[in-house]
Amino acid sequence: IDLQTLPPELQRSLGLKAGTNTVGLSSMVHAVLGKPLDKRMQISDWERRPLSQSQLRYASTDARCLVSIYDEMIARKLALPAPSTMAV
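Residues numbered from 1 in each chain as written. Predicted model: local features only at pLDDT ≥ 70, side-chain atom pairs only at ≥ 80, totals over all residues. Heavy atoms only, no water.

**Digging into the overall build of the chain**
To keep things clear, this is the line we draw: Here a strand is any run of E in DSSP of at least two residues, a helix any run of H or I of at least four, and the numbering for each starts at the N terminus. The buried label applies to any residue whose accessible area, calculated with a 1.4 Å probe on protein chains only, is under 20% of its type's maximum; exposed applies above 50%, and partly exposed to all values in between. Whether two residues touch is decided by their heavy atoms; if any such pair falls within 4.5 Å, the residues are in contact. For every accessible area listed, the method is Shrake-Rupley and the probe measures 1.4 Å; residues are considered covered only by the protein chains on display.
Assigned secondary structure in the chain consists of three helices and zero strands. A burial count over the chain gives 23% of its 88 residues as buried. Counting contacts in the chain only where the partners sit at least 6 residues apart, residues at least 24 apart contribute 46% of the total. Of the roughly 6,100 Å² of accessible surface on the chain, 56% is carried by carbon and sulfur atoms.

Right under this line is the structure:
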């Protein structure tokens, strides 16, 4: 799901401030799952190989959070965005 294109009504349903253009994964995880998301590795050197264990953990946590948010949206029976707003 492209967090930047969530309709305002869906943002409000998820407990986010609608229309602020600052919908990020961290704020969404906090609003929907009620947990903080550590974003310290976001600014690490992602071009350097091999990736560190911290970077791998960060990336897998981000992916896991997106699945958890999607599952929560389904559980709350929220209208999901149209396929055109889904990230590939």
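**Quick notes on helix H3 (residues 53-75)**
The test is simple: The length a helix should cover is 1.5 Å for every residue beyond the first.
Between its terminal C-alpha atoms H3 stretches 32 Å, which fits the 33 Å expected from 23 residues at 1.5 Å a residue. Where H3 is buried, its residues touch helix H1 (8-13) and helix H2 (25-33).

**Here we look at a nonpolar patch on the surface**
Stated formally: Each patch is assembled from residues with relative accessible area greater than 30% and no salt bridge, linking like charges that lie within 9 Å and nonpolar side chains (Val, Leu, Ile, Met, Phe, Trp, Tyr) that lie within 5 Å. We define a salt bridge as a side-chain nitrogen of Lys or Arg found within 4 Å of a carboxyl oxygen belonging to Asp or Glu.
Judged by side-chain polarity, Tyr 70, Ile 74 and Leu 80 come together as a nonpolar surface patch covering roughly 240 Å² of accessible area. On the secondary structure map, Leu 80 appears in the segment after H3.

**Some remarks on the pattern of salt bridges**
Counted under the stated rule, the structure contains three salt bridges. Note that Asp 38 and Arg 40 form a salt bridge whose closest N and O atoms lie 2.5 Å from each other. By relative accessible area, Arg 40 is classed as exposed at 67%. Taking the shortest distance from any N to any O, the salt bridge between Lys 39 and Asp 62 comes out at 3.3 Å. Of this pair, Lys 39 sits in the loop between H2 and H3 while Asp 62 sits in helix H3, and the two are 23 residues apart along the sequence.

**Looking at the confidence of the model for the chain**
To keep things clear, this is the line we draw: The quantity called pLDDT is the predictor's confidence in a given residue, expressed from 0 to 100.
Across the chain, pLDDT averages 85, with 86% of residues at or above 70. Put simply, H1 is where the chain has its lowest mean pLDDT, 85, and H3 is where it has its highest, 93.

**Description of the environment of Leu 78**
Structurally, the position occupied by Leu 78 is in the segment after H3. Residues Leu 78 and Leu 14 lie 64 residues apart in sequence; the distance between their C-alpha atoms is 8.7 Å.

**What to know about the packing of H2 against H3**
What counts is decided by this rule: Lines fitted to the C-alpha atoms define the axes, with helices restricted to the stretch that makes contact. Angles between their N-to-C directions range from 0 to 180 degrees. Any angle from 65 to 115 degrees is called roughly perpendicular, while one under 35 is roughly parallel, one over 145 is roughly antiparallel, and all others are oblique. Two helices that cross are described as forming a left-handed crossing if the nearer one is turned anticlockwise from the farther one by less than a right angle, and a right-handed crossing if clockwise. Nonpolar residues are Ala, Val, Leu, Ile, Met, Phe, Trp, Tyr, Cys and Pro. Charged residues are Asp, Glu, Lys and Arg, and all others, Gly as well, are polar.
Where H2 meets H3, the closest approach of the two axes is 10 Å, and the angle between their N-to-C directions is 45°. Here H2 is positioned oblique relative to H3, judged by the angle of their axes. Judged by the sense of rotation from one axis to the other, the crossing of H2 with H3 is left-handed. Counted together, Leu 25, Met 28, Val 29, Val 32 and Leu 33 of H2 and Asp 62, Cys 65, Leu 66, Ser 68, Ile 69 and Glu 72 of H3 form the full contact between these two elements. Of the residues contributing to the contact of H2 with H3, the split by class is eight nonpolar, one polar and two charged.

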